[in-house]
Amino acid sequence: AQGPENIAKIDAAVARIAKERGISPADLVQRGIDLVGDTSRERVAATQEARMSAAGIEAQGAIKLGQEASDAVPRTGWVPVNRAIQAYQKGTSDPKLKQFGAANLTIINTYARAINPNGVGTVADKEHARELLDTADGPEAYRAVLQQLDKEIEMAHKSPALARKGFRDERASRVSGPTGPTTQIPPAAIEALKNNPSLKADFEAKYGVGTAGVVLK
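The structure displayed is predicted, hence computed values, not measured ones. (Residues numbered from 1 in each chain as written. Predicted model: local features only at pLDDT ≥ 70, side-chain atom pairs only at ≥ 80, totals over all residues. Heavy atoms only, no water.)

Each helix and strand counted, the protein has 9 helices and 0 strands in total. The secondary structure elements of the protein, listed N-terminal to C-terminal, are α-α-α-α-α-α-α-α-α. Counting every position in the protein, which comprises 217 residues, the buried fraction comes to 29%. A sequence separation of at least 24 residues applies to 58% of the contacts in the protein between residues at least 6 apart. In the structure as shown, the protein presents an accessible area of about 13,400 Å², 56% of it carried by carbon and sulfur atoms. (Helix = DSSP H or I, 4+ residues; strand = E, 2+ residues; numbered from the N terminus. Buried < 20%, exposed > 50% of the residue type's maximum accessible area, 1.4 Å probe, protein only. Contact = heavy atoms within 4.5 Å. Areas by Shrake-Rupley, 256 points an atom, 1.4 Å probe, with all protein chains shown as cover.)

Turning our attention to the confidence of the model for the protein. Counting all residues, the mean pLDDT for the protein is 80, and 80% of those residues have values of 70 or more. Within the protein, helix 1 (residues 4-20) has the poorest average pLDDT of any element, 67, and helix 5 (residues 123-134) the best, 95. Residue range residues 176-183 is modelled with pLDDT below 50. Its contacts to residues more than four positions away, or to other chains, number 10 contacts. (pLDDT = per-residue confidence, 0-100.)

Along helix 7 (residues 187-195), the positions that sit buried rather than exposed are Ala189, Ile190 and Leu193. Around the axis of helix 7, the buried residues are gathered within 100 degrees of arc, so they sit on the same side. Those residues of helix 7 that are exposed and angled more than 90 degrees off the buried face are Ala188 and Asn195. (Arc of directions from axis to C-beta.)

Mapped onto the elements, Asn116 comes out in the loop between helix 4 (95-114) and helix 5. Only 2.8 Å separates the side chain of Asn116 from the backbone nitrogen of Asn118, close enough to count as a polar contact. (Polar contact = N/O pair within 3.5 Å; in protein donor to acceptor, adjacent residues only side chain to side chain.)

Turning next to the pattern of salt bridges. The full count for this structure, using the stated rule, is 3 salt bridges. Among the ionic pairs, Glu140 bridges to Arg75, the shortest N-O distance being 3.8 Å. Taken together, the positions of Glu140 in helix 6 (residues 139-176) and Arg75 in the loop between helix 2 (25-72) and helix 3 (81-89) put the pair 65 residues apart, joining distant regions of the chain. We classify Glu140 as partly exposed; its relative accessible area is 48%. (Salt bridge = Lys/Arg side-chain N within 4 Å of Asp/Glu carboxyl O.)

Shown next as C-alpha coordinates:
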(Lines give C-alpha, C1' and ligand atoms only; values in the text may rest on other atoms or scores of the structure.)
Protein backbone atom coordinates (compact mmCIF):
# COMPACT_ATOMS: atom_id res chain seq x y z
CA ALA A 1 0.00 0.00 0.00
CA GLN A 2 1.10 3.54 -0.60
CA GLY A 3 2.26 5.30 2.55
CA PRO A 4 5.03 7.55 3.87
CA GLU A 5 7.33 4.61 4.66
CA ASN A 6 6.96 2.99 1.22
CA ILE A 7 7.38 6.31 -0.55
CA ALA A 8 10.56 6.90 1.47
CA LYS A 9 11.84 3.45 0.45
CA ILE A 10 11.15 4.20 -3.21
CA ASP A 11 12.88 7.57 -2.97
CA ALA A 12 15.89 5.92 -1.31
CA ALA A 13 16.04 3.25 -4.01
CA VAL A 14 15.85 5.85 -6.76
CA ALA A 15 18.62 7.88 -5.11
CA ARG A 16 20.82 4.77 -4.75
CA ILE A 17 20.37 3.75 -8.39
CA ALA A 18 20.93 7.30 -9.57
CA LYS A 19 24.19 7.44 -7.60
CA GLU A 20 25.32 4.12 -9.08
CA ARG A 21 24.66 5.47 -12.57
CA GLY A 22 26.43 8.73 -11.95
CA ILE A 23 23.26 10.83 -11.94
CA SER A 24 23.49 13.82 -9.61
CA PRO A 25 20.57 14.82 -7.35
CA ALA A 26 20.08 17.95 -9.46
CA ASP A 27 19.91 15.87 -12.64
CA LEU A 28 17.43 13.50 -10.97
CA VAL A 29 15.16 16.39 -10.05
CA GLN A 30 15.43 17.78 -13.58
CA ARG A 31 14.47 14.43 -15.05
CA GLY A 32 11.37 14.43 -12.86
CA ILE A 33 10.47 17.90 -14.11
CA ASP A 34 11.10 16.80 -17.69
CA LEU A 35 8.84 13.77 -17.22
CA VAL A 36 5.97 15.97 -16.04
CA GLY A 37 6.48 18.25 -19.04
CA ASP A 38 6.71 15.32 -21.46
CA THR A 39 3.53 13.78 -20.08
CA SER A 40 1.69 17.08 -20.46
CA ARG A 41 2.86 17.53 -24.06
CA GLU A 42 1.83 14.00 -25.02
CA ARG A 43 -1.57 14.42 -23.34
CA VAL A 44 -2.21 17.62 -25.31
CA ALA A 45 -1.17 15.94 -28.57
CA ALA A 46 -3.39 12.92 -27.86
CA THR A 47 -6.36 15.19 -27.15
CA GLN A 48 -5.75 17.08 -30.38
CA GLU A 49 -5.50 13.82 -32.29
CA ALA A 50 -8.87 12.66 -30.95
CA ARG A 51 -10.59 15.94 -31.82
CA MET A 52 -9.09 16.13 -35.30
CA SER A 53 -9.86 12.49 -36.02
CA ALA A 54 -13.57 12.90 -35.37
CA ALA A 55 -13.74 16.15 -37.34
CA GLY A 56 -11.69 14.61 -40.15
CA ILE A 57 -14.04 11.66 -40.57
CA GLU A 58 -16.90 14.13 -40.90
CA ALA A 59 -14.99 16.27 -43.40
CA GLN A 60 -14.04 13.29 -45.55
CA GLY A 61 -17.68 12.25 -45.57
CA ALA A 62 -18.60 15.77 -46.73
CA ILE A 63 -16.01 15.53 -49.51
CA LYS A 64 -17.61 12.30 -50.69
CA LEU A 65 -21.03 13.96 -50.72
CA GLY A 66 -19.57 16.90 -52.63
CA GLN A 67 -18.22 14.59 -55.29
CA GLU A 68 -21.57 12.82 -55.59
CA ALA A 69 -23.37 16.16 -55.89
CA SER A 70 -20.90 17.27 -58.57
CA ASP A 71 -21.43 14.07 -60.53
CA ALA A 72 -25.17 14.73 -60.49
CA VAL A 73 -24.75 18.14 -62.15
CA PRO A 74 -24.73 17.84 -65.98
CA ARG A 75 -21.20 18.37 -67.31
CA THR A 76 -22.52 20.92 -69.80
CA GLY A 77 -24.23 22.79 -66.98
CA TRP A 78 -21.21 23.13 -64.67
CA VAL A 79 -21.54 26.00 -62.22
CA PRO A 80 -18.53 27.38 -60.28
CA VAL A 81 -18.61 26.61 -56.57
CA ASN A 82 -19.07 30.21 -55.45
CA ARG A 83 -22.09 30.61 -57.72
CA ALA A 84 -23.52 27.28 -56.58
CA ILE A 85 -23.25 28.36 -52.95
CA GLN A 86 -24.89 31.70 -53.74
CA ALA A 87 -27.69 29.93 -55.62
CA TYR A 88 -28.27 27.63 -52.66
CA GLN A 89 -28.34 30.55 -50.22
CA LYS A 90 -30.82 32.41 -52.42
CA GLY A 91 -33.10 29.38 -52.63
CA THR A 92 -32.60 28.15 -56.18
CA SER A 93 -35.32 25.89 -57.51
CA ASP A 94 -32.80 23.57 -59.18
CA PRO A 95 -32.52 20.60 -56.78
CA LYS A 96 -29.17 19.41 -58.15
CA LEU A 97 -27.63 22.88 -57.94
CA LYS A 98 -29.07 23.32 -54.46
CA GLN A 99 -27.51 20.02 -53.36
CA PHE A 100 -24.16 20.95 -54.89
CA GLY A 101 -24.12 24.34 -53.18
CA ALA A 102 -25.08 22.88 -49.81
CA ALA A 103 -22.45 20.13 -50.10
CA ASN A 104 -19.71 22.68 -50.68
CA LEU A 105 -20.73 24.74 -47.68
CA THR A 106 -20.48 21.58 -45.59
CA ILE A 107 -17.05 20.80 -47.05
CA ILE A 108 -15.79 24.27 -46.17
CA ASN A 109 -17.03 24.14 -42.58
CA THR A 110 -15.97 20.57 -41.80
CA TYR A 111 -12.57 20.96 -43.48
CA ALA A 112 -11.82 23.99 -41.29
CA ARG A 113 -12.56 21.97 -38.15
CA ALA A 114 -10.63 18.93 -39.35
CA ILE A 115 -7.29 20.69 -39.80
CA ASN A 116 -7.45 22.75 -36.60
CA PRO A 117 -5.74 21.14 -33.57
CA ASN A 118 -8.59 22.32 -31.34
CA GLY A 119 -11.28 21.01 -33.69
CA VAL A 120 -12.71 24.51 -34.14
CA GLY A 121 -12.82 25.99 -37.63
CA THR A 122 -11.26 29.40 -38.18
CA VAL A 123 -12.21 32.04 -40.71
CA ALA A 124 -8.79 31.69 -42.35
CA ASP A 125 -9.16 27.91 -42.77
CA LYS A 126 -12.64 28.32 -44.25
CA GLU A 127 -11.36 30.94 -46.67
CA HIS A 128 -8.54 28.60 -47.70
CA ALA A 129 -11.02 25.83 -48.53
CA ARG A 130 -13.34 28.23 -50.32
CA GLU A 131 -10.50 29.67 -52.41
CA LEU A 132 -9.37 26.20 -53.47
CA LEU A 133 -12.90 25.17 -54.40
CA ASP A 134 -13.38 28.40 -56.36
CA THR A 135 -10.42 27.51 -58.60
CA ALA A 136 -12.34 24.53 -60.02
CA ASP A 137 -13.48 25.42 -63.54
CA GLY A 138 -15.02 22.06 -64.34
CA PRO A 139 -15.82 18.59 -62.97
CA GLU A 140 -12.27 17.24 -63.31
CA ALA A 141 -10.73 20.29 -61.67
CA TYR A 142 -13.29 20.02 -58.88
CA ARG A 143 -12.34 16.38 -58.31
CA ALA A 144 -8.67 17.39 -58.11
CA VAL A 145 -9.44 20.08 -55.53
CA LEU A 146 -11.38 17.61 -53.38
CA GLN A 147 -8.43 15.23 -53.52
CA GLN A 148 -6.13 18.04 -52.39
CA LEU A 149 -8.40 18.90 -49.47
CA ASP A 150 -8.52 15.23 -48.51
CA LYS A 151 -4.71 15.03 -48.52
CA GLU A 152 -4.48 18.10 -46.29
CA ILE A 153 -6.90 16.50 -43.84
CA GLU A 154 -4.82 13.30 -43.80
CA MET A 155 -1.66 15.32 -43.20
CA ALA A 156 -3.30 17.19 -40.33
CA HIS A 157 -4.47 13.89 -38.81
CA LYS A 158 -0.97 12.45 -38.79
CA SER A 159 0.63 15.52 -37.20
CA PRO A 160 -0.32 14.88 -33.53
CA ALA A 161 0.82 11.24 -33.71
CA LEU A 162 4.10 12.30 -35.29
CA ALA A 163 4.50 14.96 -32.62
CA ARG A 164 4.00 12.39 -29.86
CA LYS A 165 6.57 10.09 -31.47
CA GLY A 166 8.97 13.02 -31.63
CA PHE A 167 8.40 13.72 -27.93
CA ARG A 168 9.13 10.08 -27.07
CA ASP A 169 12.27 9.98 -29.23
CA GLU A 170 13.50 13.22 -27.72
CA ARG A 171 12.91 11.93 -24.21
CA ALA A 172 14.68 8.65 -24.97
CA SER A 173 17.66 10.55 -26.33
CA ARG A 174 17.67 12.90 -23.36
CA VAL A 175 17.53 10.08 -20.82
CA SER A 176 20.02 7.73 -22.47
CA GLY A 177 22.33 10.45 -23.72
CA PRO A 178 24.09 10.55 -27.06
CA THR A 179 25.57 7.30 -28.31
CA GLY A 180 29.33 6.97 -28.15
CA PRO A 181 32.23 5.55 -26.14
CA THR A 182 31.57 7.74 -23.06
CA THR A 183 27.78 7.23 -22.77
CA GLN A 184 27.94 4.84 -19.79
CA ILE A 185 30.85 6.53 -17.97
CA PRO A 186 29.88 8.19 -14.65
CA PRO A 187 30.12 12.01 -14.84
CA ALA A 188 32.29 11.97 -11.69
CA ALA A 189 34.92 9.82 -13.46
CA ILE A 190 34.90 12.13 -16.48
CA GLU A 191 35.35 15.16 -14.23
CA ALA A 192 38.22 13.48 -12.38
CA LEU A 193 40.04 12.79 -15.67
CA LYS A 194 39.57 16.36 -16.84
CA ASN A 195 41.02 17.62 -13.57
CA ASN A 196 43.93 15.19 -13.74
CA PRO A 197 44.78 14.03 -17.30
CA SER A 198 47.61 11.88 -15.91
CA LEU A 199 44.89 9.35 -15.01
CA LYS A 200 44.43 8.62 -18.72
CA ALA A 201 45.93 5.10 -18.62
CA ASP A 202 43.88 4.03 -15.61
CA PHE A 203 40.77 5.60 -17.13
CA GLU A 204 41.12 3.68 -20.39
CA ALA A 205 41.97 0.47 -18.58
CA LYS A 206 38.58 0.69 -16.89
CA TYR A 207 36.39 2.26 -19.58
CA GLY A 208 38.05 1.20 -22.79
CA VAL A 209 40.75 2.29 -25.21
CA GLY A 210 40.09 5.69 -26.72
CA THR A 211 37.59 6.88 -24.13
CA ALA A 212 40.07 9.23 -22.45
CA GLY A 213 40.88 10.80 -25.78
CA VAL A 214 37.19 11.55 -26.36
CA VAL A 215 36.82 13.13 -22.92
CA LEU A 216 39.98 15.21 -23.19
CA LYS A 217 39.38 16.29 -26.81
